[in-house]
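What follows is the residue order along each chain.
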Amino acid sequence: MKKFITSLAIIGLSLSGLFQATSAVFEETVKVAGNSFSVATIFEGGGGGTPGTSNTALKILKNLSLGAETSNLADTVPGSTFENISPTWVAESPLKIHNDGTTALDVVASADYVSDVNTLRDDIYIEISAWNDANNNGAVDAGEEGDSFGRDTILRMKNDTFPMGEIAAGETKGYLLRFDGAGLTEVNKGMSAVYDFTFTGLGL
């Protein structure tokens, strides 16, 4: 009887270990680091601009007009600098993310506060949309912007994250980050902040 109980215990532990192994989540993160936002001291209208640990699968393209060759893949790329932003300011920043692995990854976006003593995260908005760079020139042309994955303040992006769908193994997808100063008021004049935007791929 003791041998039977011992055998059952061993089988149970083996099945438990097998379940944990098959249900383990694979996670990697790429980053657009050091995006700087400086609010104008005088609001005079719009502005804008388009900028330009080692993962094994999820990568971000350094040069958007080039393909997913190894020399063009990185875990982190430098962010953009936006100056003299105002309530009417809008700017876009495109990026491309590549899955260099062998399984599909579900991608979610989030924000990290590098420096934000005045909590501009409450007042600057970000929208993430799909981007199909049809002519592979690395620039956002008319008709290339796709569905939106959501628009909210950088604060909400930090707390809630933005699901961005799946990237298949070997696939590269383009995304468009659009920022606006719709929440800015006179109180924000002269303030500045720096954020990192991270994109995490989850898979089994």
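A quick note: this is a predicted structure, and the numbers were derived from the prediction, not measured.

Caption draft 1: A look at the confidence of the model for the protein. Within the protein, residue pLDDT values average 85, and 82% of them lie at 70 or more. This stretch, residues 2-24, has a pLDDT under 50; its non-local contacts, to residues over four places away or in other chains, come to three contacts. pLDDT under 50 marks residues 46-52. Its contacts with residues more than four places away, or in other chains, come to 19 contacts.

Caption draft 2: Local environment of the pairing of strand 11 (residues 172-180). For strand 11, the tally of buried residues reaches seven of nine residues, placing the bulk of the element in the interior. Relative to strand 11, strand 6 (residues 90-99) is paired through nine bridges, and the arrangement is antiparallel. Bridging across to strand 11, V90 finds its partner in D180. Across seven bridges, strand 8 (residues 125-131) lies against strand 11 in antiparallel orientation. Paired with Y125 across the two strands is D180, which belongs to strand 11.

Caption draft 3: Just the side chain of H98, in detail. By the element assignment, H98 lies in strand 6. Within the structure, H98 has its side chain in polar contact with the backbone oxygen of E171 (distance 3.3 Å). Aside from chain neighbours lying at most four places away, what touches H98 is A57, L58, K59, L61, A68, L73, G170, E171 and T172.

Caption draft 4: A look at the environment of N99. For N99, the location among the structural elements is in strand 6. With 71 residues separating them in the primary sequence, N99 and G170 have C-alpha atoms 5.3 Å apart. Discounting chain neighbours no more than four positions away, the residues touching N99 are A57, A104, L105, I167, A168, A169, G170 and E171. Engagement of the side chain of N99 in a polar contact is seen with the backbone nitrogen of G101, the distance being 2.9 Å. Here the side chain of N99 touches A168 through a polar contact of 3.3 Å, landing on its backbone oxygen.

Caption draft 5: How the structure looks around the environment of N72. Structurally, N72 is set in the loop between strand 2 (58-61) and strand 3 (73-74). The class of N72 is buried, set by a relative accessible area of 4%. When the C-alpha atoms of N72 and L61 are compared, they prove to be 5.6 Å apart, with 11 residues separating the residues in sequence. Apart from residues no more than four positions distant in its own chain, N72 is found in contact with I60, L61, K62, N63, L66 and G67. Polar contacts involving the side chain of N72 include one to the main-chain carbonyl oxygen of G67, which spans 2.9 Å.

Rules and cut-offs
Residues numbered from 1 in each chain as written. Predicted model: local features only at pLDDT ≥ 70, side-chain atom pairs only at ≥ 80, totals over all residues. Heavy atoms only, no water. pLDDT = per-residue confidence, 0-100. Contact = heavy atoms within 4.5 Å. Buried < 20%, exposed > 50% of the residue type's maximum accessible area, 1.4 Å probe, protein only. Helix = DSSP H or I, 4+ residues; strand = E, 2+ residues; numbered from the N terminus. Pairing = 2+ DSSP bridges. Polar contact = N/O pair within 3.5 Å; in protein donor to acceptor, adjacent residues only side chain to side chain.

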